[in-house]
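One letter stands for each residue in the lines below.
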Amino acid sequence: MAQSSHAQTHRGTVRKINEDAFLELPSLGIWVVADGMGGHAAGDVASQLVIDTIQSVAESVPVEQMSCELLTRALQEANDKLRLMSANEFSGKVAGSTVVILWIHDDNYHLLWVGDSRGYLLRDEHFSQITKDHSQVNDMVDEGVLRAEEAEHHPLANVITRAVGVDSKLEVDVKSGRLQSGDVFLLCSDGLNKEVSDFEIEHTLLSGNIIDAGMALMHASLVRNARDNVTCILVKNSQQNEVFSRNGDESTIPLFNKS
């Protein structure tokens, strides 16, 4: 199996700075989106620290030694650094970030996440959210207090219950599964799903071309006056000799795109 990817980020039309950050390490099978906590201290610093810590840990060990446990420890390390930074540099104000990681290894995928940055999978023309938001409204849905369709627009929609940099012990959720040829993963900050519905995302991804799809998703969020920063990474899994070019034709040359 081989993966091609396309990533992009934008500060949106309202925020003055971009507090999102992302990472592409295709040679290691790792992709990450981090979303600094808006309204808190140095969200942009927090998200980049999470990214830098994951990259440092991932590049410090042989590929065959990478594991979900190691990635979890990297997030705990970032958590400890952010808590120390908050105490020493921001007068106790919280500098935090949500994060979602996709790690692909030996025909398996692993999604690790904290907060409401999301991981989706398009498989056999069926689109589904693999991660589960750590948020106030999602807890209310689980408790039967709120209907799922009401959650996105609820006044508490921005309240998250977990983030890197908040509590001393970080709780990371993990979901794993077998890869299939044609799988397309979407990692995104909540700035995307605030503006573009899952139905619209699914319809866009069904084009089969991740570059065009990624650009279309970003355009859709921006023309709707993206109230938050928007970041998305698309990762397509194919047979070793099936990596798609910009016009959708097959190519034998591996293609990794970053903008």
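Residues numbered from 1 in each chain as written. Predicted model: local features only at pLDDT ≥ 70, side-chain atom pairs only at ≥ 80, totals over all residues. Heavy atoms only, no water.

As annotated in an unreviewed UniProt entry, the chain carries the name Serine/threonine-protein phosphatase and comes from Thalassomonas viridans.

### A look at the overall build of the chain
Per the secondary structure count, the chain includes 7 helices and 13 strands. Computed over the C-alpha atoms, the radius of gyration of the chain is 18 Å, within 12% of the 18 Å expected from 2.2 N^0.38 for a compact globule of 259 residues. Counting only C-alpha atoms, the chain reaches 55 × 45 × 35 Å along its principal axes. Put simply, the chain has 259 residues, and 51% of those count as buried. The contacts in the chain between residues at least 6 apart in sequence include a share of 71% that link residues at least 24 apart. Side-chain charges in the chain split into 21 positive and 38 negative, and the spacing between the mean points of these groups amounts to 5 Å. (Helix = DSSP H or I, 4+ residues; strand = E, 2+ residues; numbered from the N terminus. Rg over C-alpha atoms; globule rule 2.2 N^0.38 Å. Buried < 20%, exposed > 50% of the residue type's maximum accessible area, 1.4 Å probe, protein only. Contact = heavy atoms within 4.5 Å. Lys, Arg positive; Asp, Glu negative; His and termini not counted. Charge placed at Lys NZ, Arg CZ, Asp CG, Glu CD.)

### Quick look at helix H6 (residues 198-205)
When H6 is considered as a whole, its buried residues turn out to be Ile201, Glu202, Thr204 and Leu205. The arc that holds every buried residue of H6, seen down its axis, measures 165 degrees, which confines them to one face. Set apart from the buried face of H6 by more than 90 degrees, the exposed residues are Phe199 and His203. Tucked into the core, H6 has its buried residues touching strand S6 (118-123), strand S7 (126-129), strand S9 (184-188), helix H5 (190-193), helix H7 (210-223) and strand S10 (230-238). (Arc of directions from axis to C-beta.)

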